[in-house]
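Remarks on the overall topology
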Amino acid sequence: MSGHAEFFGLFHSLPRALCEVVASGQFGAANPAWSKCYATGPPVDLSHAYNLARQSGDGGRVSFERTTCDGRRVNVTAHVFAVAASGQVLALVEHESPIEDSSDGASILDHVADAPITCLWLGPDAEVTRTLGHGLSLAGIDLELGSGLRGLGAWDLDFDDWWPEVMSGEPCQLTLTCGETWFDVWVAPRSRQGAIIGAYAILFDSSIHHLAGQAMQATEELLRGVLTSMPLVLVAINQQRRVLLLEGAQARAYGLAPGEGVGQLSGEVFADTPKVIESLDQALAGTANNLIAEVGTQFFKIWSAPFYDDAGEKSGAIAVAADITARMHNEKMLLQQGDQLRVARDQALAASRAKTEFLAVMSHELRTPLNAIIGYSEMLFDEAEGEVRADLSRVLSAAHHLLTLISDVLELSRIEAGRSRVERRRFSLAHVVERSVAHAKQRNPDSKVDIMHPPLEGLGEMVSDRSKVGQILDNLLDNALKFTPVGEVRLEIDTLVEDVRQVVLTVTDTGIGMDEDTLAQLFTAFYQADSSTTRRYGGTGMGLTITERFCRLLGGKIEVSSSIGDGSSFRVVLPRELAVG
């Protein structure tokens, strides 16, 4: 408890006066420093400030006149406020200013006569020879000249025990209780020619100090209970490394009970946990720090810092240790999960690479015989006649369709694996558009829909990947022709946009259109609107996915708008010159 005694001793030695304001507006319990301004003066009504403080927390500042114990008349200014935790209203003296004595020469004794204190001149048998003040009468004690203190008969100490001490010739100070009232008694022996013939005493009601002591004791018990229950460890040491305070429920993790080890050296108390010693030593050296200590199966984060007195001198160090075991376990679990995710990612990447390599090999293996089939079929088609020629036409159409599917699967796998290369070359935009329109008509010979486009002169050149720009147009034109039974497909090319460094290609059809759900999934690989559409129009759902990925690879974007029965419009925006790298 020595740490607590030092801590709460600060209240009793506080040089600033602190007093409780009770509900009646009068002063109540106070610290000892209050006596210098509470000793004399008429009662002060602070009921207004009390009510304001209870309502808003701050009752403001009040001034009143007092005479201090050394006889100075002063005007005292105090700050009245409420303590949120307890609801008590306190008055804290902020400053005092002297008051000049009045012209009538009033002395300290004039004020003492009206003060709640009593000055006594006592004879050798404790008889009262002179009195000044009426503190005893205020306490309900009747004491007349010639009567003795012995006759009061209500002292907490036997009169025959304490009066000889007073008359021993040595100055003494006693605190006595008479009935329900406490008195501080200062005794100075009075001697004439060396003989002790009586005593001089000053008595004043110290009930408020007693009540303040009781309040401080209750506060100490409350604070101790709070510190003992907190789920951490609070340690304070002085400059000599002796423990002033050791509290907190987690002290048991260090093999200590709250309050144990006070007065011992920190190196002895925490011999089994050197991290605590290290943290406190750094704080004593003037450096605040954070360390993590492992204590048995628990982990503690220790924060330490120096603390200073009112004069700014370093008094010692304080440390707070909080249990972070759960956090450390969670971090360890997250690290393990991170390792597992990295392994899973590496496995997924390896699987993707294996898939890409497999598709590349299979594509090559499938293309070789398929090219042979297409080659021989074309040779036979040139020489065949009648029904045989019609059959060969269907064989060639199916073979070309299969070759397109193989190429799409291979291209999509390359894109997903990040291996799709972009060749940056200069080419004529008109030649690419003309080729794509011609191929679209060849691939859709049965379509009765016309492809409308503007004149191709003056489109200028692009610096990009010619093959991918052409495939973007091929896919959009094929898609438009596929889903437009009747009507038209219109290709618009805008090179006169605000940003002349861009080219805008728009393919609009008058086909079946799409609903919002289809639009939301349109560029998802292998997605198709519904089974009925698939059966009627065919397709794998890869064409638009590849188109969207190509647009991004070439630094552009694709936008689509559509509604059921009103056709669709695809708008591609590409930079005229692809950035290097």
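Below you will find a few notes about this structure. Just so we're clear, the structure is a prediction, and the values are computed from it rather than from any experiment.

What about the sheet that holds strand β1 (residues 18–21)?
In space, the five strands of this open sheet follow the order β2-β1-β5-β4-β3, with antiparallel pairing throughout. The outermost strands of the open sheet, each flanked by one partner alone, are β2 (27–30) and β3 (58–67). In this sheet, neighbouring strand axes are inclined to one another by 35 degrees on average, regardless of whether the strands run parallel or antiparallel. Sheet analysis places β1 next to strand β5 (residues 89–98), joined by four bridges and oriented antiparallel. Its bridge partner lying in β5, Leu18 is registered against Leu92. Sitting on the sheet, helix α3 (residues 47–56) is in contact with β1, β3, β4 (73–82) and β5, with an inclination near 155 degrees to β3.

What about the pattern of salt bridges?
Tallied over the full model, the rule gives 15 salt bridges. For Arg342, the salt bridge is made with Asp339, and the minimal N-O distance between the two is 2.1 Å. Highlighted residues: Arg342 and Asp339, both in helix α10 (residues 325–383), separated by three residues, approximately one helical turn. A salt bridge links Glu548 to Arg552; the nearest nitrogen and oxygen atoms lie 3.0 Å apart. Residue Glu548 and its partner Arg552 are located together in helix α16 (residues 543–553), separated by four residues, close to a single helical turn.

Things to note about the nonpolar core
The biggest cluster of nonpolar side chains holds 40 residues, and the ones touching the most others in it are Val433, Leu476, Ile493 and Val572. Elements with a contribution of two residues or more to this core: α11 (386–416), α12 (429–443), α13 (466–482), β19 (488–494), β20 (502–509), α16 and β22 (568–575). Among the elements that line this core, the one with the most residues is α13, at seven residues. Excluding residues within four positions of it along the chain, Leu476 makes contact with Val507, Leu544, Thr547, Ile558, Phe570 and Val572. Core analysis: the next-biggest nonpolar cluster, separate from the first, contains 22 residues, Val269, Leu284, Val295 and Ala321 among them.

Focus on the sheet that holds strand β17 (residues 450–452)
Strand order in the open sheet formed by five strands is β17-β19-β20-β22-β21, with mixed pairing between adjacent strands. The two strands at the open ends of the sheet, each matched to only one other strand, are β17 and β21 (557–562). Taken pair by pair, the neighbouring strands of this sheet meet at an average axis angle of 15 degrees, ignoring direction. Two strands pair when backbone bridges link them, and β20 and β22 are joined in this way by seven bridges, in the antiparallel orientation. Bridge pairing in β22 links Val504 to Val573. Across the sheet, α12 touches β17, β19 and β20, and the angle it forms with β19 is around 170 degrees. Strands β21 and β22 of the sheet are contacted by α16, whose axis makes an angle of about 135 degrees with β21.

Considering unusual backbone geometry
Despite not being glycine, Arg241 shows a phi value in the positive range, around 70 degrees. Inspection of the secondary structure puts Arg241 in the loop between β11 (232–238) and β12 (243–247).

Procedures and definitions
- Residues numbered from 1 in each chain as written.
- Predicted model: local features only at pLDDT ≥ 70, side-chain atom pairs only at ≥ 80, totals over all residues.
- Heavy atoms only, no water.
- Pairing = 2+ DSSP bridges.
- Helix = DSSP H or I, 4+ residues; strand = E, 2+ residues; numbered from the N terminus.
- Axes fitted to C-alpha atoms, helices over the stretch in contact; angles between N-to-C directions.
- Contact = heavy atoms within 4.5 Å.
- Salt bridge = Lys/Arg side-chain N within 4 Å of Asp/Glu carboxyl O.
- Core = buried A, V, L, I, M, F, W, Y, C linked by side-chain atoms within 4.5 Å.
- Buried < 20%, exposed > 50% of the residue type's maximum accessible area, 1.4 Å probe, protein only.

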